[in-house]
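Chain residues, written in single-letter form:
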Amino acid sequence: MEEKFRTQIYLTKDQHNYLKEKAAKYKTSMAEVLRNIIDKEIEKEYEIDADDPIFQLAKEGIHTGRKDGSVNHDKYIYRHEFND
């Protein structure tokens, strides 16, 4: 089991009620509900944003005029040929 650290937080009444209701609904602890919410937020940081310009560039592709770019990309990017 992963190491856990004890912490204390202050919640508003609405936040407390939300956690309490979710814990009852899923038959788990309020702490587990809160950990799950935090885990989901952490996962979001690793998601690809479809509006990211880099993602759009990769989706549309780049045309360099070279017909062998996918095969010889190391040669063109690093100006060096790598042999297997």
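Every chain is numbered on its own, with residues counted from 1 as its sequence reads. In view of the model being predicted, local features appear only for residues whose pLDDT reaches at least 70, and side-chain atom pairs are presented and counted only at 80 or more, with totals across whole chains, interfaces and linings using the full set of residues. Note: side-chain values were computed over all heavy atoms of the structure, leaving out hydrogens and water.

### With respect to the pattern of salt bridges
Working step 1: Each salt bridge in this description consists of a side-chain nitrogen of Lys or Arg and a carboxyl oxygen of Asp or Glu lying within 4 Å of one another. Across all of its chains, the model carries two salt bridges by this definition.
Working step 2: The closest approach of N and O atoms between Arg35 and Glu32, which form a salt bridge, is 2.7 Å. Of this pair, Arg35 and Glu32 both sit in helix H2 (residues 30-44), three residues apart, roughly one helical turn. Numbering of helices and strands starts at the N terminus; helices are DSSP runs of H or I of at least 4 residues and strands are runs of E of at least 2.

### Re the confidence of the model for the protein
Working step 1: Mean pLDDT over the protein stands at 84; residues scoring 70 or higher make up 88%.
Working step 2: Scored from 0 to 100, pLDDT records how confident the predictor is in each individual residue. Of all the helices and strands in the protein, helix H3 (residues 53-60) carries the lowest mean pLDDT, 69, while helix H1 (residues 13-26) carries the highest, 97.

### A few points about H1
Working step 1: Given a helix with a known number of residues, its expected span is that number minus one, times 1.5 Å. When the terminal C-alpha atoms of H1 are compared, their 20 Å separation across 14 residues agrees well with the 20 Å that a helix rising 1.5 Å per residue should span.
Working step 2: Directly beyond the C-terminal end of H1, a positive phi value near 50 degrees is found at Lys27.

### Comments concerning the packing of H1 against H2
Working step 1: Here the axes come from fitting lines to C-alpha atoms, over the contacting stretch only for helices, and the angles between their N-to-C directions go from 0 to 180 degrees. Their axes nearest at 8 Å, the elements H1 and H2 cross at an angle of 105 degrees. Put simply, H1 runs roughly perpendicular to H2. Listed contacts from H2 to His16, Tyr18, Leu19, Lys20, Lys22 and Ala23 of H1 are Met30, Val33, Leu34 and Ile37.
Working step 2: The classification used treats Ala, Val, Leu, Ile, Met, Phe, Trp, Tyr, Cys and Pro as nonpolar, Asp, Glu, Lys and Arg as charged, and all other residues, Gly among them, as polar. When its residues are assigned to classes, the contact of H1 with H2 shows seven nonpolar, one polar and two charged. Oblique is the label for any angle not covered by the other classes, which are roughly parallel (under 35 degrees), roughly antiparallel (over 145) and roughly perpendicular (65 to 115). A contact between two residues is defined here by any heavy atoms of the two lying within 4.5 Å.

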